[in-house]
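# Inside the fold
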Amino acid sequence: MVISDSHPATVVPMQATDIDEILAIEVASFTTPWSRASFLAEMEGNRFARLWVSHHRGPAGPVTGYLAAWLIYEELRILNVAVAPAWRRQGIAGELLRHALEAGRAAGCLEAVLEVRPGNQAALALYRRFRFQPAGTRAGYYPDTGEDALLLSRTLTGESG
């Protein structure tokens, strides 16, 4: 899937060869980044896991972002979305999210859910654009700060985008 003419990128399933670049994005994006072993376990050992990357100018180009999710029966659970700092604010996270929502819908998922830090204004704005709505909180969800998470959800039936 090509993102746009102005950002000639492709969203494809994550490969083990992408992990070094993804780990750099993780460190730049999260206070408790996933490890190489975590990504490999998701890719190789979790039948519910779906991981996609955005490559600039096709699969041989640099990784610009990634999205990790689980498709569990009728639910698409978004785990992580991150974009390399140099590529932020160019629509990459939105395209990754759109791709995941379409994959969830195609797999028969009825709902998409995710957790987000209440102070992550960029992520909240992205999720609002994709019609995610507050569905509750998860107390003490983030182990690094003990911060609560906002639980967001949206339906996947009868909608696009």
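### Details of the pattern of salt bridges
- Counted under the stated rule, the structure contains 7 salt bridges.
- Here glutamate 95 ties to arginine 98 by a salt bridge, and the two come within 2.7 Å at their closest N and O atoms. Remark: arginine 98 and glutamate 95 occur in helix α3 (residues 92-106); sequence separation between them is 3 residues, near one turn of the helix.
- According to the relative accessible area criterion, glutamate 95 is buried, its value standing at 9%.
- Put simply, aspartate 144 and arginine 117 hold a salt bridge, and the shortest N to O gap is 2.9 Å. In this pair, aspartate 144 sits in the loop between β6 (133-138) and β7 (149-155) while arginine 117 sits in the loop between β5 (111-116) and α4 (121-129), placing the two residues 27 residues apart along the sequence.
- Taking the relative accessible area as the measure of exposure, aspartate 144 reaches 32% and is therefore partly exposed.

### Some remarks on α3
- Counted at 1.5 Å a residue, the expected span for α3 with its 15 residues is 21 Å, and the 21 Å between its end C-alpha atoms agrees.
- Of the residues making up α3, those classed as buried are Ile92, Ala93, Gly94, Glu95, Leu96, Leu97, His99, Ala100, Leu101 and Gly104.
- Positioned one or two residues after α3, glycine 108 has a phi angle of 95°, which is positive.

### A look at the layout of surface pockets
- The volume enclosed by the largest pocket comes to roughly 1,100 Å³.
- Secondary structure elements with two or more residues in the lining of the largest pocket: α1 (19-29), β4 (75-83), α3, β5 and α4.
- Residues that form the lining of the largest pocket fall into these classes: 22 nonpolar, 8 polar and 8 charged.

### Quick look at the packing of aromatic side chains
- Taken as a whole and judged by the stated rule, the model has 5 aromatic pairs.
- Between the aromatic rings of phenylalanine 48 and tyrosine 73, the centroid separation amounts to 5.6 Å while the plane-to-plane angle is 65°, which identifies the pairing as edge-to-face. Here the residue phenylalanine 48 occupies a position in the loop between α2 (36-45) and β2 (49-56), and tyrosine 73 occupies one in the loop between β3 (63-72) and β4, the gap between them amounting to 25 residues.
- On the basis of relative accessibility, which here comes to 21%, the residue phenylalanine 48 falls in the partly exposed class.
- Measuring from ring centre to ring centre gives 5.0 Å for tyrosine 141 and tyrosine 142, while their planes differ by 85°; the resulting arrangement is edge-to-face.
- On the basis of relative accessible area, tyrosine 142 is assigned to the buried category, the value being 12%.
- Through a chain of ring-to-ring contacts, the aromatic side chains of Trp34, Phe39 and Tyr66 assemble into a single cluster.

Calculation criteria
- Residues numbered from 1 in each chain as written.
- Predicted model: local features only at pLDDT ≥ 70, side-chain atom pairs only at ≥ 80, totals over all residues.
- Heavy atoms only, no water.
- Salt bridge = Lys/Arg side-chain N within 4 Å of Asp/Glu carboxyl O.
- Helix = DSSP H or I, 4+ residues; strand = E, 2+ residues; numbered from the N terminus.
- Buried < 20%, exposed > 50% of the residue type's maximum accessible area, 1.4 Å probe, protein only.
- Expected span 1.5 Å × (residues − 1).
- 1 Å grid on protein atoms, 1.4 Å probe; cavity = no way out; pocket = protein on both sides within 12 Å on 5 of 7 lines; lining within 4 Å.
- Points joined across faces, edges and corners; volume = space filled by probe spheres on them.
- Nonpolar A, V, L, I, M, F, W, Y, C, P; charged D, E, K, R; others polar.
- Phe/Tyr/Trp six-rings, centres within 6.5 Å; stacked < 30°, edge-to-face > 60°.

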